[in-house]
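Structural features, examined
Letter by letter, the chains look like this.
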Amino acid sequence: MAEPVLQISNLVKSFGALRATDDVTLDLYPGEIHALIGPNGAGKSTLIHQICGTHAPNSGTIRFMGEDITQLGVAARARKGLGRTFQISSIAPEFSALRNVMLAVQARQGSSFRFFKPVRSDKSLTEPAMAALERVGLASRATLPVAELSHGERRQLEIAIALALGSRAFLLDEPMAGMGPEGSRALTSFLADLKQEAPILLVEHDMDAVFALADRISVLVYGKIIATGSVEDIRRDPAVRTAYLGDHD
Ligand SMILES: Nc1ncnc2c1ncn2[C@@H]1O[C@H](COP(=O)(O)OP(=O)(O)OP(=O)(O)O)[C@@H](O)[C@H]1O
Ligand SMILES: [Mg+2]
């Protein structure tokens, strides 16, 4: 079996007396969508924050592509290819979609040696940036200022940026939130495709999307993982039904 891309072991995060992450062990394998579900306040976002580096865990380890990254900062993790999209504010709304992706390509390449080159005409930036926009279906909107893109298109743009940064895994925290049914459907089919490029840890309340997309599901309740398994395993699990799914069926 392939090595996990992401390997979280015995992670603990307390906020005062509250154990928001309580001994969480979870992994993400190449090619998979691993969905993380659970009620409000279960600790899903807190876990994502620790994986991307915005919160430091009290104990436990996070390994990414075989390397212990527990002590690394957000930028260092992103450089290694840990792609967090949504809820990031790295997009410049006054720039075009293309320009935003070009900046990501430039960041990945390291910008020092191209200091005197005009960014706009540099093919080594425009070509990979356009490729990423095509990949997410935004090529026809490339020259529009981001401020003119719809909510759904901005999320596509964020994924294009993550692709341009060379992400080797995606951490998505409620990507469907605020999207209409059409947007959710489009994003669902896109994510099903995207996982071939890089596996996805998906936090999502939209159960239709989770059941359609997930290769595996982990259920988090009060900071603890109470079950991990296939869609069928999780649908059948009595503890999961009691703790979470009961209301949704
Ligand atoms: N910075 C913080 N300081 C103190 N408590 C926090 C902090 N962040 C989160 N919490 C608490 O930790 C628990 C887990 O919160 P978290 O946001 O991770 O839940 P969640 O599963 O993402 O919920 P939701 O589904 O509503 O997004 C909650 O009780 C929350 O109030
Ligand atoms: Mg959350």
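Structure: above.
Described in the following lines is the structure provided in the data block. Small disclaimer: the values here were computed from a predicted structure and weren't measured. (Residues numbered from 1 in each chain as written. Chains lettered and ligands numbered in written order. Predicted model: local features only at pLDDT ≥ 70, side-chain atom pairs only at ≥ 80, totals over all residues. Heavy atoms only, no water.)

This brings us to the nonpolar core. Val101, Leu133, Leu157 and Leu191 are the most contacted members of the largest nonpolar core, which has 37 residues in total. Elements supplying a minimum of two residues to this core: helix H3 (97–109), helix H4 (123–135), helix H5 (151–164), strand S7 (169–173), helix H6 (181–194), strand S8 (200–203) and helix H7 (207–213). Here this core takes seven residues from H5, the largest share from any one element. Mapped onto the domain boundaries, this core takes at least three residues apiece from domain 1 (1–81 + 168–249) and domain 2 (88–167). Apart from residues no more than four positions distant in its own chain, Val101 is found in contact with Ala129, Ala132, Leu133, Leu157, Ala160, Ile161 and Ala164. Judged by nonpolar contacts, the second largest core, of 22 residues, contains Leu26, Leu36, Ile69 and Val203. (Core = buried A, V, L, I, M, F, W, Y, C linked by side-chain atoms within 4.5 Å. Buried < 20%, exposed > 50% of the residue type's maximum accessible area, 1.4 Å probe, protein only. Helix = DSSP H or I, 4+ residues; strand = E, 2+ residues; numbered from the N terminus. Domains from an automatic or database assignment. Contact = heavy atoms within 4.5 Å.)

Bridge analysis of strand S1 (residues 6–15) against strand S2 (residues 18–28) gives eight bridges, and the strand direction is antiparallel. Looking at the pairing, Ser14 lines up with Arg19 of S2. Two successive antiparallel strands, S1 and S2, enclose a turn made up of two residues, where Gly16 displays a positive phi of approximately 60°. Strand direction decides the pairing type here: S1 and strand S4 (residues 59–64), joined by five bridges, are antiparallel. Note on S4: the bridge partner recorded for Val12 is Ser59. (Pairing = 2+ DSSP bridges.)

Attention now moves to the pairing of S7. Burial of S7 is extensive: five of the five residues sit out of reach of the surface. Here S7 shows no split at all, with Ala169, Leu171 and Asp173 on one side and Phe170 and Leu172 on the other all buried. Two elements, S7 and S8, share four bridges in a ladder whose sense is parallel. Bridged to Phe170 within S8 is Ile200.

Right, let's get into the sheet that holds strand S5 (residues 67–68). Spatially, four strands are ordered S2-S1-S4-S5 in an open sheet, and the strand pairing comes out antiparallel. In this open sheet, the two edge strands, each paired with only one partner strand, are S2 and S5. As defined by bridge partners, S4 adjoins S5 across two bridges and the pair is classed as antiparallel. Considered in S5, the bridge of Phe64 is made with Glu67. Seen against the sheet, helix H1 (residues 44–52) touches S1, S2 and S4 and runs at an angle of roughly 120° to S1. (Axes fitted to C-alpha atoms, helices over the stretch in contact; angles between N-to-C directions.)

Within the structure shown, the criterion is met by eleven salt bridges. Between Arg19 and Asp22 there is a salt bridge, and its shortest N-O distance comes to 2.8 Å. Taking relative accessible area as the criterion, Asp22 reaches 14% and is therefore assigned buried. The shortest N-O distance in the salt bridge between Asp27 and Arg216 comes to 3.1 Å. Taken together, the residues span a long stretch of sequence, with Asp27 in strand S2 and Arg216 in strand S9 (residues 216–221) at a distance of 189 residues. In the salt-bridge network here, residues are joined through shared partners; they are Arg19, Asp22 and Lys224. (Salt bridge = Lys/Arg side-chain N within 4 Å of Asp/Glu carboxyl O.)

Now for the packing of aromatic side chains. Within this structure, the stated rule accounts for zero aromatic pairs. Between Arg235 and the ring centre of Phe211, over which it is positioned, the NZ or CZ distance is 4.1 Å. (Phe/Tyr/Trp six-rings, centres within 6.5 Å; stacked < 30°, edge-to-face > 60°. Lys NZ or Arg CZ within 6 Å of the ring centre and 35° of its normal.)

Residue placement: Lys123 occurs in helix H4. Lys123 sits 21 residues away from Met102 along the chain, and the two C-alpha atoms are 10.0 Å apart.

Attention shifts here to the site of ligand 1. Near ligand 1 lie 13 residues; those nearest to it are Asn40, Gly41, Lys44, Thr46 and His205. Between ligand 1 and the protein, one listed contact pairs an oxygen atom with a backbone N or O atom of Gly41 at 2.8 Å. A distance of 2.7 Å is found between an oxygen atom of ligand 1 and a side-chain nitrogen or oxygen belonging to Lys44. Taking 630 Å² as the accessible area of ligand 1 by itself, protein coverage stands at 60%. Of all elements in the fold, only S2 and H1 reach the threshold of two or more residues within the shell around ligand 1. By residue number, the principal contributor to the shell around ligand 1 is H1, which donates three residues. Grouping the constituent residues of the shell around ligand 1 by class yields five nonpolar, six polar and two charged. (Near = heavy atom within 4 Å. Polar contact = N/O pair within 3.5 Å; in protein donor to acceptor, adjacent residues only side chain to side chain. Areas by Shrake-Rupley, 256 points an atom, 1.4 Å probe, with all protein chains shown as cover. Nonpolar A, V, L, I, M, F, W, Y, C, P; charged D, E, K, R; others polar.)

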